[in-house]
Protein chains: 2
Amino acid sequence: MTVTSRADCVELDDRDPLAAVRTRFELSPDLIYLDGNSLGPLPSGTAARMTEVIQAQWGQDLIRSWNDAGWFDKPLTVGDRLAPLVGAGPGEVVVCDSTSVNLFKAFTAALELRPGRSVVISETRIFPTDLYMLQGAMEFLGGYRRELIGEGVSLEDLLSDEVAVVVLSHVDYVTGRVHDMRAVTELIHRHGALVIWDLCHSVGALPIALNDCEVDFAVGCTYKYLNGGPGAPAFVFVSRQHQPDAVQPLSGWHGHAAPFAFDADYQPAAGVARFRVGTPLVLSYVPLEVSLDLWDQIDLSEVRTKNQRLTDLFIDLVERDCADLGLQLASPRSAAERGSQVALRHEASYQVVQALIARGVIGDFRAPDVMRFGFPATYVKYADVWDAVQILRDVLITGQWRDARFAVRSTVT
Amino acid sequence: MTVTSRADCVELDDRDPLAAVRTRFELSPDLIYLDGNSLGPLPSGTAARMTEVIQAQWGQDLIRSWNDAGWFDKPLTVGDRLAPLVGAGPGEVVVCDSTSVNLFKAFTAALELRPGRSVVISETRIFPTDLYMLQGAMEFLGGYRRELIGEGVSLEDLLSDEVAVVVLSHVDYVTGRVHDMRAVTELIHRHGALVIWDLCHSVGALPIALNDCEVDFAVGCTYKYLNGGPGAPAFVFVSRQHQPDAVQPLSGWHGHAAPFAFDADYQPAAGVARFRVGTPLVLSYVPLEVSLDLWDQIDLSEVRTKNQRLTDLFIDLVERDCADLGLQLASPRSAAERGSQVALRHEASYQVVQALIARGVIGDFRAPDVMRFGFPATYVKYADVWDAVQILRDVLITGQWRDARFAVRSTVT
């Protein structure tokens, strides 16, 4: 249907097959939260579950919970629960550490699997920590050269039989641009290189088919669309075919074949467990498990259909209601090429974002001039989109964003 | 006083200057918990504080808490709070990641600070993950040789001007043996090498004076004597003098000089922040902060005095009441050379530990034949020591440990 009024949006919300999911989050009705692409909101029941774990598993059962409550294997059991969301099988995903640390493991393992090849490809637009982690590993190892896809330089331009590994972001963290995982993976493989996909901005936003696309490695976080809580543990996917030969230098005891034998020499565990390092931060898994209970009941294709509609609606309304107000679309216009987020440029994006926040519309700013809005289908309503655009229009037309308080930069912008 | 009865123990407990601290833990009165050297018990108020953080900071304030609740800087602010417990200054400790990951950072940074030296020294008795992490880093870097202190091989035997780094455990995880940090650090420095101390089994158990002993690097965990909760984030200490030149390959965005500038190139932050990697697992810091509130009121020298008395008492009573019952002391006999734990050998240690657990005395087993008992002064009572030895005697004399159910090995032993 063509939306011409707020009532049309309310009607869409009423007919939304995901409407019931929204009620499972503790979201203030006064907020229009369009920043779930950065930190997902709180699933109901999380604090109660955490209290139970703290009081019963830690307080009463103490050390015995490493066995009895399955603490020791959380990285593997939660990994298996997450696997279907990325098209992986059991025993292919470990949930632990941060995305950065997991990328280091996947990257160093991939390099070892392609000896004699000295080129690494990534993209200028990837989230910077990925570039930093590659840089750290490459300087550490020596002998590698980095090439970046960017303005006027395509992946095809850079691929050759010298390329060991290509590291790409499935969905661009600023613009939301989606790579065609299947075609790109196939292209990389044709040159004998391996691929590592960063799924931070796609997991929980669109269906992902790692095994079907024959992906080698992937990493991602769980605190954005997956709603796993602030800084929840990240994940690493290692394709089953690479597991026997994949070795990584963060060879901690939790990745050992027999961690409680206390051998003097490291023997990697069979399977993906060798991508574990140290003791898991147990309590940080609790909210993620609550969220995965919710995800068990969600159809990712419905999520994808709805977030395409939400982002299309947002862009349509911005084009209609905010024309000539200094905005420029920084995301692909076609929903198929876009994740679950929309980026707009404005000469004073930082201030506009602050003014929106003051009006109850939470988005975020990304240097130098972008405002980002995320539209997770699990809780954003069509009516939210309508309201957000009206408020954006008002902030721009009235020039509210020029208020001096909106120019004050916070530490973490 | 010489203890000859349980009543003597109760009297000691009544006079204990740390008696009030014990009431701040949620410990079942039915348990004698002698495994706080593995997982510390639950400080009161932890679940309530966690609920507050989950509901208010995550649920209501959402993404704004990265600034407003200080989430972003938790690794540094909590590091500064922990610093006095290890004799470090502000800006020298970061709390993040696991001990294994932090050792990798400290070790690779230390190697870079000693170019041209190719020998690494550690000890056969160190907790195995330390050896595994060194092994992983050395195999990836190439060109290094490892030497181990052990049976018949002393540190002096191995030190030379080829040695880059020495990695030692302050307190041995099995026997509780304490290294003389000052003398050993001085000896290592005389040969121009750097030292990394693993403080996992000493932090919170004895006063530590990292700066006073001129220590280069240290790592440790917070879930044992510090009671930070299951898998709580670990820490790394980097002496201020090394910070400007210390670089480590896990160069994630949280260790960048300007993480929100989103530069393409990594520029390490000034100071210890460059030992951060990725997004901190925020919720895992909450219990540690509750515990540090408690530590603010505790005098470590009182802790040390009491744990020496507790372990002395335990050994005295075992020698008196369990003589000729097949036990052998595996810890130093002198309290000054021992941390806050006692290890005993028995031909069936695994079964004896299981039988003790069934009787409410929680210790643990370490392969191949050791039972470990920890005596954190913050909550273990003198009467607990008395009762534990009587139950141990009973288990041994009656042969209860021979019950078949105690021979069943669990996954995590």
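Just so you know, these numbers come straight off a predicted model, no measurement behind them. (Residues numbered from 1 in each chain as written. Chains lettered and ligands numbered in written order. Predicted model: local features only at pLDDT ≥ 70, side-chain atom pairs only at ≥ 80, totals over all residues. Heavy atoms only, no water.)

Q: Requested: an account of the overall build of chain A, with residues and values cited.
A: When helices and strands are counted, chain A shows 13 helices and 13 strands. Its C-alpha radius of gyration of 22 Å places chain A within 12% of the 22 Å reference for a compact globule of 413 residues. On the principal axes, the C-alpha backbone points of chain A span a range of 70 × 60 × 40 Å. Counting every position in chain A, which comprises 413 residues, the buried fraction comes to 64%. Considering only contacts in chain A between residues 6 or more positions apart, those separated by 24 or more positions represent 72%. When the accessible surface of chain A is totalled, it reaches about 13900 Å², and 47% of it is carbon and sulfur. For chain A, the distance from the average site of its 36 positive side-chain charges to the average site of its 53 negative ones is 3 Å. (Helix = DSSP H or I, 4+ residues; strand = E, 2+ residues; numbered from the N terminus. Rg over C-alpha atoms; globule rule 2.2 N^0.38 Å. Buried < 20%, exposed > 50% of the residue type's maximum accessible area, 1.4 Å probe, protein only. Contact = heavy atoms within 4.5 Å. Areas by Shrake-Rupley, 256 points an atom, 1.4 Å probe, with all protein chains shown as cover. Lys, Arg positive; Asp, Glu negative; His and termini not counted. Charge placed at Lys NZ, Arg CZ, Asp CG, Glu CD.)

Q: A description of the UniProt feature "modified residue: N6-(pyridoxal phosphate)lysine" (unreviewed entry) in chain A should follow, citing residues and the corresponding values.
A: Residues and elements named next belong to chain A. Per the UniProt annotation, the sites labelled "modified residue: N6-(pyridoxal phosphate)lysine" (unreviewed entry) are Lys224. Relative to the helices and strands, Lys224 resides in the loop between strand S7 (217–220) and strand S8 (235–238). The contacts of Lys224, once residues within four sequence positions are left out, are Gly36, Asn37, Ser38, Gly40, Cys200 and His201. (UniProt positions renumbered as here; feature names shortened; annotations may be inferred.)

Q: Go over the relation of the copies chain A and chain B with me, naming the residues and quoting the values.
A: For the pair chain A and chain B, the relating rotation is 180°, the translation along its axis is 0.0 Å, and the fit reaches an RMSD of 0.0 Å. Such a combination of rotation and displacement between the chain copies is what one expects of a two-fold axis. A shared binding surface is used by both copies, with 95% of the interface residues of chain A retained as interface residues in chain B. (Least-squares fit on C-alpha atoms with pLDDT ≥ 70 in both.)

Q: Describe the interface of chain A and chain B, listing the residues and the values that go with them.
A: Taken together, the contact between chain A and chain B spans 87 residues of the former and 83 residues of the latter. The contact between chain A and chain B buries some 7300 Å² in all, and 70% of this surface belongs to carbon and sulfur atoms. Applying the counting criterion to the chain A and chain B interface returns 2 salt bridges. In this structure, Arg146(A) engages Asp265(B) in a salt bridge whose closest nitrogen and oxygen atoms are separated by 3.8 Å. Linking chain A with chain B are 19 residue pairs in polar contact (both at pLDDT 80 or more). Counting residues per element, the ones that place at least two in the side of chain A that touches chain B are helix H3 (46–60), helix H4 (65–68), helix H6 (99–113) and helix H7 (128–141) of chain A. With 10 residues, H7(A) is the single largest residue contributor to the side of chain A that touches chain B. Of the residues assigned to the side of chain A that touches chain B, the class counts are 50 nonpolar, 28 polar and 9 charged. (Buried area = accessible area lost by both parts, 1.4 Å probe. Salt bridge = Lys/Arg side-chain N within 4 Å of Asp/Glu carboxyl O. Polar contact = N/O pair within 3.5 Å; in protein donor to acceptor, adjacent residues only side chain to side chain. Nonpolar A, V, L, I, M, F, W, Y, C, P; charged D, E, K, R; others polar.)

Q: Which residues make up the pattern of salt bridges, and what are the values?
A: A side chain of one charge can pair with a side chain of the opposite charge if their charged atoms are brought near each other. According to the stated counting rule, one finds 53 salt bridges over all chains in the structure shown. Between Arg6(A) and Asp387(A) there is a salt bridge; the shortest N-O distance is 2.6 Å. Here the residue Arg6(A) occupies a position in helix H1 (residues 6–15), and Asp387(A) occupies one in helix H13 (residues 382–398), the gap between them amounting to 381 residues. We classify Arg6(A) as partly exposed; its relative accessible area is 37%. For the salt bridge of Glu289(B) with Lys74(B), the shortest nitrogen-to-oxygen distance reads 3.1 Å. Taken as a pair, Glu289(B) in helix H10 (residues 285–295) and Lys74(B) in helix H5 (residues 74–82) lie far apart in primary sequence, 215 residues in all. Each member of the pair, Glu289(B) as well as Lys74(B), carries the same accessibility label: buried. Linked through salt bridges whose partners overlap, the residues forming this network are Asp312(A), Asp316(A), Glu319(A), Arg333(A) and Arg338(A).

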